[in-house]
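Survey of secondary and tertiary structure
Listed below are the residues making up each chain.
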Amino acid sequence: AQTVTQSQPEMSVQEAETVTLSCTYDTSESDYYLFWYKQPPSRQMILVIRQEAYKQQNATENRFSVNFQKAAKSFSLKISDSQLGDAAMYFCVIWDNNNDMRFGAGTRLTVKP
Amino acid sequence: DVKVTQSSRYLVKRTGEKVFLECVQDMDHENMFWYRQDPGLGLRLIYFSYDVKMKEKGDIPEGYSVSREKKERFSLILESASTNQTSMYLCASRPGTGSGNTIYFGEGSWLTVV
């Protein structure tokens, strides 16, 4: 079975600075997708970024980027120029071809003005 | 715009009551899911459905059942609610086959069982 570990229950960052959220996972599959989802206080889950395991290039979406290390099974999220609206719970997610989607326990990010 | 709608945002039910949580998506997605979210545990899959009238158990199906009579609607049923089912329930959907398809979530239903 796949597992996802987020070792940082809480993180904080100063507005305009950079923060990295950690995620490690375990899977026996060679083909899978990784996602970071954001859940603000409104509780609506929002897709932040996705990474295909077969791609070596790290995904980037504006201020959000990932460091995908397939051999180490690591998938960290970097948020640059942090904004107050980035405050949320962030979930690391792995999804394979067997419809097995696993979530980490989440990291609560606080952004200080 | 993509829309997954959960009919009830906040519910309070008594122990032993039968509870229905409804979810509707307007994107013609084949796959629909029910998750439970608890602090420190992330999201855990209760049931999912990949077609009308089809269902598969997730990680924590005990105490729950589901119904999918129409493609757009996926209902979660608590036959006899218990206090340990107090939680946030999230419905989600995604299109067809292929693990890379984005999954879309509803806004969640807070259920308190007293």
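Everything numeric here is computed off the predicted structure, so don't read it as measured data.

Description of the overall build of chain B
Helix and strand counts for chain B stand at 0 helices and 11 strands. Mapped from its N terminus to its C terminus, chain B presents α and β elements in the order β-β-β-β-β-β-β-β-β-β-β. When its C-alpha atoms are laid out on the principal axes, chain B stretches across 40 × 30 × 25 Å. By the burial criterion, 50% of the 114 residues in chain B qualify as buried. For chain B, the share of sequence-separated contacts (at least 6 apart) that also reach a separation of at least 24 residues comes to 55%. Accessible surface computed for chain B: about 5400 Å², of which carbon and sulfur atoms make up 49%. Across chain B, the 15 positively charged side chains and the 15 negatively charged ones have centroids separated by 4 Å.

Quick notes on the interface of chain B and chain A
Facing the 24 residues of chain B at the interface are 20 residues of chain A. Linking chain B with chain A are 1 salt bridge, by the criterion used here. Our count for the chain B to chain A interface comes out at 4 residue pairs in polar contact (both at pLDDT 80 or more). Elements supplying a minimum of two residues to the side of chain B that touches chain A: strand 4 (31-38), strand 5 (42-49) and strand 9 (87-94) of chain B. Of the residues forming the side of chain B that touches chain A, the biggest block, 4 residues, is contributed by strand 4 of chain B. For the side of chain B that touches chain A, a count of residues per class yields 10 nonpolar, 10 polar and 4 charged.

Points about the environment of serine 76 of chain A
Residues and elements named next belong to chain A. Here serine 76 shows up in strand 9 (residues 74-79). C-alpha of serine 76 to C-alpha of asparagine 62: the two residues are 14 residues apart in sequence and 16 Å apart in space. Excluding anything up to four places from it in sequence, serine 76 contacts Thr20, Leu21, Ser22, Cys23, Trp36, Ser65, Val66 and Asn67.

Quick notes on the side chain of serine 93 of chain B
Residue and element names in this part refer to chain B. Structurally, serine 93 can be placed in strand 9. A polar contact is formed between the side chain of serine 93 and the side chain of histidine 29, at a distance of 2.8 Å. If we ignore the near neighbours within four places in the chain, the residues touching serine 93 are Val4, Gln25, Met27, His29, Asn31, Met32, Phe33, Thr102, Ile103 and Tyr104.

Quick word on unusual backbone geometry
Positive phi values are uncommon outside glycine, yet lysine 73 of chain A reaches one of about 55°. One non-glycine residue, lysine 53 of chain B, lies in positive phi territory at about 65°. Structurally, the position occupied by lysine 53 of chain B is in the loop between strand 5 and strand 6 (56-57).

Quick notes on the packing of aromatic side chains
Counting across every chain of the model gives 13 aromatic pairs over all chains. Both rings, one in phenylalanine 35 of chain A and one in tyrosine 37 of chain A, keep their centres 6.0 Å apart while their planes meet at 40°; by these two values the pair is tilted. Both residues of the pair, phenylalanine 35 of chain A and tyrosine 37 of chain A, count as buried. Taking the centre distance of 5.4 Å and the plane angle of 80° together, the rings of tyrosine 37 of chain A and phenylalanine 105 of chain B count as edge-to-face. Separated into two different chains, tyrosine 37 of chain A in strand 5 (residues 32-39) and phenylalanine 105 of chain B in strand 10 (residues 104-105) make up a pair that spans both. Given the relative accessible area of 1%, tyrosine 37 of chain A is considered buried. Chaining the aromatic ring pairs together yields one cluster made of Phe35, Tyr37, Phe91, Trp95 and Phe103 of chain A together with Phe33, Tyr35, Phe48 and Phe105 of chain B.

Here we look at the sheet that holds strand 8 (residues 73-78) of chain B
Think of a sheet as strands paired side by side through backbone hydrogen bonds, with each pair either parallel or antiparallel. All names here are of chain B. Sheet architecture is open: 4 strands sit in the order 1-3-8-7, paired in antiparallel fashion. Taken across any chain shown, the strands that pair with only one partner, and hence form the sheet edges, are strand 1 (4-6) and strand 7 (64-70). Averaged over all adjacent pairs, the angle separating strand axes in this sheet is 20°, with direction ignored. In this structure, strand 3 (residues 19-25) lies alongside strand 8, joined through 6 bridges in antiparallel fashion. Each bridged residue has a counterpart across the sheet, and for valine 24 the counterpart in strand 8 is arginine 73.

Calculation notes
- Residues numbered from 1 in each chain as written.
- Chains lettered and ligands numbered in written order.
- Predicted model: local features only at pLDDT ≥ 70, side-chain atom pairs only at ≥ 80, totals over all residues.
- Heavy atoms only, no water.
- Helix = DSSP H or I, 4+ residues; strand = E, 2+ residues; numbered from the N terminus.
- Buried < 20%, exposed > 50% of the residue type's maximum accessible area, 1.4 Å probe, protein only.
- Contact = heavy atoms within 4.5 Å.
- Areas by Shrake-Rupley, 256 points an atom, 1.4 Å probe, with all protein chains shown as cover.
- Lys, Arg positive; Asp, Glu negative; His and termini not counted.
- Charge placed at Lys NZ, Arg CZ, Asp CG, Glu CD.
- Salt bridge = Lys/Arg side-chain N within 4 Å of Asp/Glu carboxyl O.
- Polar contact = N/O pair within 3.5 Å; in protein donor to acceptor, adjacent residues only side chain to side chain.
- Nonpolar A, V, L, I, M, F, W, Y, C, P; charged D, E, K, R; others polar.
- Phe/Tyr/Trp six-rings, centres within 6.5 Å; stacked < 30°, edge-to-face > 60°.
- Pairing = 2+ DSSP bridges.
- Axes fitted to C-alpha atoms, helices over the stretch in contact; angles between N-to-C directions.

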